[in-house]
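Architecture and fold: a report
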Amino acid sequence: MINPRFTRVGQGSRKLSGMELMMKQSAGRLGLVFPNPVLVVGTYDQRGEPNVATLAWGGIASSGPESVSIAVRPSRYTFEALQRTRAFTVNLPSVEYAAEADFFGMVSGRTTRKLEATGLTPVHGEFVDAPYIAEFPYCMECEVVQSLDLGQHTLFIGEVKDVKIDEALMDEEGNLRWGEARILTFDSGMRTYRAPGEVVGDAFSTGRKFISS
Ligand SMILES: Cc1cc2nc3c(=O)[nH]c(=O)nc-3n(C[C@H](O)[C@H](O)[C@H](O)COP(=O)(O)O)c2cc1C
């Protein structure tokens, strides 16, 4: 049976009834959003070995200067590298690399050369001292500009210095073709990886019907 809480009850001009409005329940202090990217973060360790770790807590931080955030627990090997090199890459896997991304989040670079184990190829960043993954379609080179201890996680803000991108991901006008890339996402509720979904509307357009002229 379809759970009415997950159906679109406010469709069209229909207003919610009093009962429907009362159907939401308090879920407590959840800090989750969806969809959630799978960010594979690349760093160099103190021996100069490339390491990668899957960090799902993170995303866009600013458009100018272009910046991203990653939330890293101090126990991660990646944490030490970030503090030392002040550099990282954010690599977005396509769906066929779900197993590799999962592995990068299960074992530590302290004990395992994760890239060697999967056969993926580290490439030294052109602008920062961090490795990106050649096989992944979208790789951002970032310099750490700020960090903020929030408790369980420390938030690192990385200023984007360059993005390495598969040619197929960009059209002649320079628009990113995310739909073609099938970038992997993380479902934190079900602890599964998901492929991106269908297009349901044009941005800055489908909502126009609510703007009074
Ligand atoms: C789907 C997924 C998401 C994860 N997200 C985070 C995260 O946001 N922050 C974090 O500190 N660890 C996260 N982890 C755990 C680290 O990836 C894991 O501890 C990894 O072994 C760290 O590698 P390192 O010790 O080589 O840095 C995640 C793991 C998985 C599988």
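Residues numbered from 1 in each chain as written. Predicted model: local features only at pLDDT ≥ 70, side-chain atom pairs only at ≥ 80, totals over all residues.

As for the overall build of the protein
The helix and strand tally for the protein stands at five helices and twelve strands. Principal-axis analysis of the C-alpha atoms places the extent of the protein at approximately 65 × 45 × 35 Å. Put simply, the protein has 213 residues, and 29% of those count as buried. (Helix = DSSP H or I, 4+ residues; strand = E, 2+ residues; numbered from the N terminus. Buried ≥ 20, exposed ≤ 12 C-beta atoms within 10 Å, placed from the backbone.)

Brief notes about the nonpolar core
Membership of the largest hydrophobic core comes to 38 residues, with the highest contact counts inside it found for Leu39, Val40, Val41 and Leu55. Those elements that provide at least two residues to this core are strand S2 (39–44), strand S3 (50–55), strand S5 (66–72), helix H2 (77–85), strand S6 (87–92), helix H3 (98–104), strand S8 (131–133) and strand S9 (138–149). Every residue in contact with Val40, bar those within four places of it in the chain, is listed here: Val52, Thr54, Asn91, Pro93, Ala101, Phe104, Ile133 and Phe136. (Core = buried A, V, L, I, M, F, W, Y, C linked by C-beta atoms within 7 Å. Contact = placed C-beta atoms within 7 Å.)

With respect to unusual backbone geometry
Here the residue pair Phe34 and Pro35 is connected by a cis peptide bond, since its omega of 0° sits within 30 degrees of zero. Structurally, the position occupied by Pro35 is in the loop between helix H1 (18–21) and strand S1 (36–37). At Arg182, a position not held by glycine, the phi torsion is positive, near 50°. Mapped onto the elements of the fold, Arg182 is located in the loop between helix H5 (178–181) and strand S11 (185–187).

Focus on the site of the ligand
Taken together, 20 residues lie near the ligand, and Trp57, Thr78, Gly105, Ser108 and Gly109 sit nearest. Elements with a contribution of two residues or more to the shell around the ligand: S3, S5 and H2. Counting residues per element, the shell around the ligand draws most heavily on S3, at four residues. For the shell around the ligand, the residue count by class is ten nonpolar, six polar and four charged. (Near = placed C-beta within 6 Å. Nonpolar A, V, L, I, M, F, W, Y, C, P; charged D, E, K, R; others polar.)

Some words on the sheet that holds S3
The antiparallel open sheet is built from seven strands, whose spatial order is S3-S2-S6-S9-S10-S5-S4. The sheet is open, and its two borders are formed by S3 and strand S4 (58–63), each paired with just one other strand. Neighbour-to-neighbour, the strand axes of the sheet open up by a mean angle of 35°, direction not taken into account. Taken together, the three bridges between S2 and S6 define a ladder with antiparallel strand orientation. Within S6, the residue paired with Gly42 across the bridge is Thr89. Each of S2, S3, S5, S6, S9 and strand S10 (154–165) touches H2; the most contacted strand, S2, lies at about 55° to it. (Pairing = 2+ DSSP bridges. Axes fitted to C-alpha atoms, helices over the stretch in contact; angles between N-to-C directions.)

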